[in-house]
Amino acid sequence: MDLHGKVAVVTGSGRGLGLGYAQALAAAGAAVVVNDVDGDAVDAAVAAITSAGGKATGVVAAVGDSRAAEQLVETAVREFGHLDVLVTNAGILRDRVLWKMTDEDFDAVVNVHLRGTFTCARAAAVRMREQGTGGRLILISSPAGQRGNFGQTNYAAAKAGIVAMARTWAMELARAGITVNAVVPVAATDMTKTIPAFAPVLAESERTGDPLPDWLRKDEGLGTVEDVAGLITFLASDSSKDVTGQAIGIGGDRLALWAHPQEKAVAFADGGWSAGAIAQEWHGGVGAEPETYGIPAPAAPEA
């Protein structure tokens, strides 16, 4: 996949998945603006990309407010002449069950994930529309945003909102030739390494260098950061010019298209529905097959 001549901004790219995205884009030929709140991580990421023959510069900033978003776009244009791709990856976790989650826990996560995606995408869209050459907005979501996850009210809500924004912006930016997609990645990161079913397998793979087993790579769709990065490169390329408004899952050996919400079962009552009529209808009708919720608990196959 050839991205020579393209310029990308990747938020939260000092380490982890974001760093993997930035390195993959640079390896394909794109010039990359690396962003993180950790200046040392930014410097190390830029050095790694440039030492491998790529083009990169760094911006130390916490995404969320409009000024940080504008600074990222301005840096891309000043250093490389234009902006073609934005990957909104920056994020934090403040996991708590509902009754223990503070206002500060909720606001901090929503500010970085949801508001940070909004402000960065808005700044990028303004620039891309002015350029008149189209562009790519790649918004990083999560399985938690698709299904919910215990202890992650703030994170799940933000990640669900990101998918909703992708669908909305795909409509609004279509005439400008700007595609907008949400990516739902699963990879072995510091967070997934704490999941009890995954931890011993991931630790053994790190110790021995052996590949992860098929049940993990296929059934759970969990692999390395590098396994996820190919989707980002594809969505940044001209090959994806007709892909927009989608939520796409990637991890391990698994590539998936997530369904958009739609009505599953419908019933009608002349004159409308009373509470009693709903009670009579629900269990044998519309609600006979309720939807599941939550990310299914992973389980290793029995030996």
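Residues numbered from 1 in each chain as written. Predicted model: local features only at pLDDT ≥ 70, side-chain atom pairs only at ≥ 80, totals over all residues. Heavy atoms only, no water.

## Observations concerning the sheet that holds strand β6 (residues 178–185)
A sheet is described by the order of its strands in space; here eight strands give the open sequence β3-β2-β1-β4-β5-β6-β7-β8, paired in mixed fashion. Of all strands in the sheet, those bounded by a partner on one side alone are β3 (55–60) and β8 (254–257). Averaged over all pairs of adjacent strands, the angle between strand axes in this sheet comes to 20°, irrespective of strand direction. Both strand β7 (residues 247–251) and β8 contribute to a ladder of four bridges, which runs antiparallel. Paired with Ile248 across the two strands is Leu257, which belongs to β8. Each of β2 (31–36) and β3 touches helix α2 (residues 39–51); the most contacted strand, β3, lies at about 175° to it. Helix-sheet contacts for helix α6 (residues 153–172) involve β5 (135–140), β6 and β7, and the interaxial angle to β6 is about 155°. (Pairing = 2+ DSSP bridges. Helix = DSSP H or I, 4+ residues; strand = E, 2+ residues; numbered from the N terminus. Axes fitted to C-alpha atoms, helices over the stretch in contact; angles between N-to-C directions. Contact = heavy atoms within 4.5 Å.)

## Here's the deal with the side chain of Thr57
As for its position among the elements, Thr57 is in strand β3. What makes Thr57 buried here is its relative accessible area of 16%. Excluding anything up to four places from it in sequence, Thr57 contacts Val32, Val33, Val34, Val46, Thr75, Glu79 and Phe80. (Buried < 20%, exposed > 50% of the residue type's maximum accessible area, 1.4 Å probe, protein only.)

## Side note on the pattern of salt bridges
If you walk through the whole model with that rule in mind, you get 13 salt bridges. Salt-bridge contacts for Glu204 lead to Arg207; the nearest nitrogen and oxygen are separated by 2.7 Å. Taken as a pair, Glu204 and Arg207 lie in helix α7 (residues 199–208) at a separation of three residues, close to a single helical turn. Residues Lys218 and Asp214 are paired through a salt bridge, measuring 3.6 Å at the closest nitrogen-oxygen approach. Placement of both Lys218 and Asp214 in helix α8 (residues 214–219) is noted, with a separation of four residues, approximately one turn of the helix. (Salt bridge = Lys/Arg side-chain N within 4 Å of Asp/Glu carboxyl O.)

## A closer look at the packing of helix α1 (residues 16–27) against α2
Here α1 crosses α2 at 25°, and the two axes come no closer than 10 Å. Viewed along their axes, α1 and α2 adopt a mutual orientation that is roughly parallel. You can see that α1 and α2 cross each other, and the crossing is right-handed. Contacts between α1 and α2 pair Leu19, Ala22, Gln23 and Ala26 from the former with Ala45, Ala48 and Ile49 from the latter. Partitioned by chemical class, the residues of the contact of α1 with α2 number six nonpolar, one polar and no charged. (Parallel < 35°, antiparallel > 145°, perpendicular 65-115°, else oblique. Left-handed = near helix turned anticlockwise from the far one by under 90°. Nonpolar A, V, L, I, M, F, W, Y, C, P; charged D, E, K, R; others polar.)

## Section: a nonpolar patch on the surface
Nonpolar side chains collect at one region of the surface, where Trp273, Ile278 and Trp282 lie side by side and expose about 300 Å² of accessible area between them. Mapped onto the elements of the fold, Trp273 is located in the loop between β8 and α10 (275–282). Overall, the relative accessible area of 36% leaves Trp273 in the partly exposed class. (Patch = residues over 30% accessible without salt bridge, like charges linked within 9 Å, V, L, I, M, F, W, Y side chains within 5 Å. Areas by Shrake-Rupley, 256 points an atom, 1.4 Å probe, with all protein chains shown as cover.)

## Regarding α6
Compared with the 28 Å implied by 1.5 Å per residue over 20 residues, the 28 Å span of α6 between its first and last C-alpha is a close match. Buried within α6 we find Asn154, Tyr155, Ala156, Ala158, Lys159, Gly161, Ile162, Val163, Met165, Ala166, Trp169 and Ala170. Buried residues along α6 sit in contact with α4 (103–131), β5, α5 (143–147), β6 and β7. (Expected span 1.5 Å × (residues − 1).)

## Considerations on the layout of surface pockets
There is about 400 Å³ of room inside the second largest pocket. Forming the walls of the second largest pocket are 15 residues, and the residues nearest its centre are Gln146, Trp258, Ala259, Pro261 and Glu291. Of all the elements in the fold, those that place two or more residues in the lining of the second largest pocket are α5 and α6. Taken together, the residues of the lining of the second largest pocket sort by class into six nonpolar, five polar and four charged. (1 Å grid on protein atoms, 1.4 Å probe; cavity = no way out; pocket = protein on both sides within 12 Å on 5 of 7 lines; lining within 4 Å. Points joined across faces, edges and corners; volume = space filled by probe spheres on them.)

## Quick word on the packing of α4 against α6
For any two helices packed against each other, the geometry comes down to the angle between their axes and how far apart the axes lie. The geometry of α4 relative to α6 is characterised by a closest axis approach of 8 Å and an angle of 15° between their N-to-C directions. By the angle between their axes, α4 is roughly parallel relative to α6. When you trace α4 past α6, the crossing you get is right-handed. Judged by residue contacts, Asp105, Phe106, Val109, Val110, His113, Leu114, Thr117, Phe118 and Ala121 of α4 engage Thr153, Asn154, Tyr155, Ala158, Lys159, Gly161, Ile162, Met165 and Trp169 from α6. Partitioned by chemical class, the residues of the contact of α4 with α6 number 11 nonpolar, five polar and two charged.

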